[in-house]
Amino acid sequence: MARLSAVQTTEKGAAGSAGRESVSRRAFLVAGAAAGGGLLINFSVPVFAETASGPRRRYTLNAYIQIDPDSTVTIMSKCPEIGQGIKTSLPMVVAEELDADWKNVVAEQAPLDARAYGAQFAGGSFSTPMNYEPLRRVGAAAREMLVTAAARAWHVKPEECDTQIAGFVRHTGTSRKLSYGALAAKASQIKLAPDVLRTVKVKDPKDFRIIGKPISGVDNPLIVTGQPLFGIDMSLPGMKYAVFEKCPVFGGRPVSANLDAIKALPGVRDAFLVPGARPTGLPDGMAITLQDGIAIIGDSWWAANAALDKLVVQWNEGPVASQSTEQFDRMAVDLSTKPPGQVFRHDGDVDKAFASAAKVIEGQYAYPLVAHTPLEPMNATARYADGQVEVWAPTQNPAAGQGAIAKVLGIPPSKVTVHMTRAGGGFGRRLGTEYMVEAAVLSKMAGVPIKVLRNRKQDIQHEFYRPAGYHNFKAGLDSAGTLVAFRDHFITFTSDGEKLSNSANMDATEFPARFVPNLQYAQSMMLLGVPTGPMRAPQSNALGYAFQSFLDEVAVAAGKDPIQFRIDLFNTPHLVPNPPPPRGRGGGRRGGGGLFGMMPGFNPKRAVGVLELVREKSGWGQRKLPPRTGMGVAFYYSHLGYIAEVMQVTVAREGTVKVDKVWLAADVGRQIVNPSGAINQLQGGALDGISQALGQAITIDRGRVVQTNFDDYQLLRMNQAPPVEVFFNITDNMVTGLGEPAVPPAPPALCNAIAAATGKRVRKLPIDPATLVAT
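Residues numbered from 1 in each chain as written. Predicted model: local features only at pLDDT ≥ 70, side-chain atom pairs only at ≥ 80, totals over all residues. Heavy atoms only, no water.

1. With respect to the overall build of the protein chain
For clarity, the threshold we go by: Helix and strand labels come from DSSP, where a helix needs a run of H or I of at least four residues and a strand needs a run of E of at least two; each type is numbered from the N terminus. With C-alpha atoms as the basis for the radius of gyration, the globule rule is written as 2.2 Å multiplied by the number of residues raised to the power 0.38. Using a 1.4 Å probe on the protein chains alone, a residue whose accessible area is under 20% of its type maximum counts as buried, one over 50% counts as exposed, and one in between counts as partly exposed. For this analysis, residues touch if any pair of their heavy atoms sits within 4.5 Å. We score Asp and Glu as negative and Lys and Arg as positive, and we do not count His or the chain ends. Note that the charge is assigned to NZ on lysines, CZ on arginines, CG on aspartates and CD on glutamates.
Looking only at helices and strands, the protein chain features 19 helices and 29 strands. Relative to the globule expectation of 28 Å for 775 residues, the C-alpha radius of gyration of the protein chain, 28 Å, shows essentially globular dimensions. With the C-alpha coordinates of the protein chain rotated into their principal frame, the extents come out at 85 × 70 × 50 Å. Here the protein chain, with 775 residues, has 59% of them falling under the buried criterion. Of the contacts made within the protein chain by residues no fewer than 6 positions apart, 77% connect residues no fewer than 24 positions apart. Put simply, the protein chain has 81 plus and 68 minus side-chain charges, and the middle of one group is 3 Å from the middle of the other.

2. Remarks on unusual backbone geometry
In the segment running from Leu-282 into Pro-283, the intervening peptide bond is cis, with an omega of 0 degrees. Looking at where Pro-283 falls in the secondary structure, it is placed in the loop between strand 12 (268-274) and strand 13 (293-298). Here the bond from Leu-765 into Pro-766 is cis, since omega is -5 degrees, no more than 30 degrees from zero. One can find Pro-766 in the segment after helix 19 (746-758). Phi at His-155 is positive, roughly 60 degrees, even though this residue is not glycine. Under the relative-accessibility criterion, His-155 is labelled exposed at 73%. The phi dihedral of Gln-539 falls on the positive side, at around 65 degrees, and the residue is not glycine. With respect to the helices and strands, Gln-539 occurs in the loop between strand 23 (518-527) and helix 15 (540-557).

3. Re the side chain of Ser-71
The criterion, for reference: For this analysis, a polar contact is any N or O atom pair within 3.5 Å, provided that within protein one partner can donate a hydrogen and the other can accept it, and provided that sequence-adjacent residues contribute only side-chain to side-chain pairs.
Within the secondary structure, Ser-71 is located in the loop between strand 4 (65-67) and strand 5 (73-77). Side-chain polar atoms of Ser-71 contact the side chain of Ser-179, separated by 3.5 Å. Within the structure, Ser-71 has its side chain in polar contact with the backbone nitrogen of Gly-181 (distance 2.9 Å). Setting aside residues up to four positions removed in sequence, Ser-71 forms contacts with Asn-104, Ser-179, Tyr-180 and Gly-181.

4. A few points about the confidence of the model for the protein chain
Low pLDDT means the predicted atomic positions in that stretch should not be read closely. We apply this condition: The pLDDT value tells you how sure the predictor is about a given residue, anywhere from 0 up to 100.
When pLDDT is averaged across the protein chain, the result is 92; 90% of the residues are at 70 or more. Throughout residues 5-46 the model reports pLDDT below 50, and contacts reaching past four residues in sequence, or to other chains, amount to 134 contacts. Scored below 50 in pLDDT, residues 583-598 makes 34 contacts in the model with residues more than four places away or belonging to other chains.

5. Here's the deal with the pattern of salt bridges
Quick reminder of the rule: When a carboxyl oxygen of Asp or Glu lies within 4 Å of a side-chain nitrogen of Lys or Arg, that pair is called a salt bridge.
Inspection of every chain in the model, using the stated rule, returns 41 salt bridges. Put simply, Arg-487 and Asp-351 hold a salt bridge, and the shortest N to O gap is 2.7 Å. Taken together, the residues span a long stretch of sequence, with Arg-487 in strand 22 (residues 483-494) and Asp-351 in helix 11 (residues 350-356) at a distance of 136 residues. Its salt-bridge partner being Arg-454, residue Glu-438 comes within 3.1 Å of it at the nearest N-O pair. Residue Glu-438 is located in helix 13 (residues 434-446), and its partner Arg-454 is located in the loop between strand 20 (450-453) and helix 14 (456-461); the two are separated by 16 residues in the primary sequence. Each of Lys-246, Arg-429, Glu-434, Glu-438 and Arg-454 takes part in salt bridges that share partners, so that together they form one network.

6. A short note on helix 10 (residues 325-336)
Structurally, the α-helix is built with 3.6 residues per turn, so residues lying three or four positions apart point the same way. As a reminder of what qualifies: Under the convention used throughout, the expected extent of a helix is 1.5 Å for every residue step, that is, one less than its residue count. By construction, the arc corresponds to the directions joining the helix axis to the C-beta atoms.
With twelve residues, helix 10 extends 17 Å between its outermost C-alpha atoms, agreeing within 8% with the 16 Å of an ideal straight helix rising 1.5 Å per residue. Inspection of helix 10 places Phe-328, Ala-332 and Leu-335 among the buried residues, and these make up the whole buried set. Seen end-on, helix 10 carries its buried residues on one side only, within an arc spanning 70 degrees. Across helix 10 from its buried face, at more than 90 degrees, point the exposed residues Glu-326, Arg-330 and Val-333. Residues of helix 10 that are buried make contact with strand 21 (469-477), strand 22 and strand 23.

7. What to know about the nonpolar core
Threshold: Only buried Ala, Val, Leu, Ile, Met, Phe, Trp, Tyr and Cys residues count toward a nonpolar core, and they belong to the same one when joined by side-chain atoms within 4.5 Å.
Core analysis: the largest hydrophobic core is formed by 87 residues, its most contacted members being Leu-483, Phe-486, Phe-728, Leu-750 and Ile-767. Here this core gets nine residues from one element, more than from any other, and that element is helix 15. Grouped together as the second largest cluster of nonpolar side chains are 55 residues, Ile-65, Ile-75, Val-105 and Ala-187 included.

Here it is in structure tokens:
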């Protein structure tokens with residue numbers, strides 16, 4: 001086991017015999033799709049790419065790789081780039097096995113093409129685990145094509161050639177060499193065996209020259225020089241700008257508006273009512289397509305947006321207008337005193353265990369609705385003509401957007417082309433597709449290309465939110481301080497009285513389930529009309545705070561060190577088996593069904609590993625801290641990542657909180673593809689969690705969102721951001737993703753540090769400094 005802060009050791013990889021020529025290149029590409037690499041394109045002529053000096057010839061080896069005669073290697077990145085660095089790391093994987101020279105590699109966003117690339121989305125931290133091994137084989141197979149082409153040119157056996165010099169094939173016997181550019185034309189015609197992606201020899205990780213090295217993002221030079229990359233930068237000839245105003249109350253509809261007055265305003269080209277799709281998809285954030293509203297079309301966005309100040313609308317607000325945060329808080333308290341609506345896990349005899357416990361601890365924890373607030377507001381540009389539409393969008397979920405647009409417009413998906421632009425943040429918000437649908441529909445209605453761009457108020461008040469939740473915990477300890485009983489009555493939300501609101505569920509496997517002999521998880525639901533949906537580390541980003549805060553409270557009550565208390569739990573010798581998942585649920589985010597059905601289950605030893613590592617690196621228990629300064633710890637497993645975080649926090653006498661430093665230990669398997677991007681993701685995840693805990697809450701009043709901008713919905717400022725020191729615990733396990741796992745442990749580590757500093761538990765987010773004032 002290796003422990004590293006920025007780089008890592010590697011271990012020997014799988015090897016197999018390389019398949020040689022026997023069938024057409026198209027069969028090789030189809031085999032790639034079946035293997036998960038997603039390859040299908042078969043060019044019989046070279047591709048030409050425009051450059052400053054005119055068209056440039058490119059030879060295509062497969063759907064991912066094109067090579068120019070000057071040895072420029074263009075590698076397609078299949079998944080959307082939303083700031084997580086995947087446009088750099090996936091091409092790194094291909095380039096490594098291709099033995100390309102990275103300085104000659106150009107990474108490009110792949111087009112949306114399920115036949116060529118398979119699933120193309122950014123969410124769930126799936127991009128790396130889904131693509132790491134298949135893309136290694138894609139690169140290795142292309143390397144075989146180049147080696148074969150060189151061997152033919154020299155009339156030697158392929159086994160006599162290697163690619164030890166990056167970007168060249170060398171004949172080992174004579175030291176002759178040919179560049180990839182010189183070989184590209186012949187390599188593109190090579191035929192390979194149909195099972196080549198299964199049998200091709202991949203590199204031993206000890207020989208990696210690209211993977212495992214810190215590499216700057218491929219778009220960084222363009223970003224820092226302000227070049228157009230993002231959806232908000234998109235422009236088309238003849239394009240007009242649109243703002244789309246919806247009822248302040250979710251699900252409301254416009255009855256009438258002063259449209260003639262709006263049309264008379266300078267710079268405004270049109271204004272009209274837009275009927276929503278039926279159904280609109282509300283309140284499931286992932287299902288929303290087109291809501292009722294009013295479109296204002298302008299020559300500039302400024303003209304269209306300014307017209308909103310003059311817009312007068314009579315709204316039919318609908319039933320959600322009766323809902324409020326204050327109401328939900330009262331209902332949650334009332335429900336907590338009543339039997340739960342459903343028990344969804346019951347191990348052992350909980351009541352008997354509590355009756356015989358030496359000590360019983362109870363605690364109530366609550367967290368609010370939270371908005372995604374990516375810095376680039378929702379936007380999309382569309383051009384509808386002749387029964388088909390092109391859309392340019394910063395999306396995490398392009399195929400879903402394609403399908404939603406086709407459904408609302410009543411055209412085949414093949415008539416919808418979606419271009420993926422870089423996104424200025426996503427965090428799960430851009431898994432939704434309604435902004436793409438709006439652009440396509442408004443382009444059709446207006447008869448011109450349209451860019452829809454939301455202002456910040458619209459972006460905050462009309463999205464889908466991380467659900468709020470309320471937990472009523474009870475824990476029982478025996479005379480040795482061992483946790484022997486645990487109960488949670490979870491008060492959550494339903495969209496229709498039966499089905500849980502999107503992302504408002506809790507899995508029956510939530511820790512400490514399996515590690516406590518007597519345990520009960522139950523829930524009660526409240527009807528919610530506010531749209532909810534996935535947010536960076538869905539469910540986990542809220543559950544981590546509640547469970548890890550209460551378990552810390554239990555550790556203190558037991559007289560145990562909080563880190564050792566968790567380690568002792570994970571070392572429980574007799575685990576309670578998990579019940580089978582309910583029919584139709586598929587097991588949730590941690591295993592059982594869907595993509596996770598193919599993934600490994602939770603490994604307690606890996607949890608212990610990161611806890612021990614963060615204990616060592618943070619100097620836990622060895623630092624002499626000043627008054628009102630404390631250290632707190634939390635561990636969480638989500639999206640296949642094992643993360644432990646320790647925070648040091650200072651609380652001023654007036655209650656303000658300053659995070660002094662964060663130590664973070666991560667186990668995401670045997671290989672860190674790009675340490676630069678990996679550290680960035682872990683640091684960003686921890687800071688995101690701190691930001692949520694310190695100042696983020698969406699408040700509902702009369703069915704509408706109260707917050708309007710970053711003055712009343714506060715993101716972490718630069719002067720609040722602490723240093724985050726990252727350490728990797730390298731273990732012999734599959735390579736997994738880093739976009740989400742660092743978020744869930746951050747709020748509880750912060751709140752546990754506050755408790756250590758002040759003796760006061762933070763039972764409700766966001767943190768209220770008034771409750772921490774020194775007395």
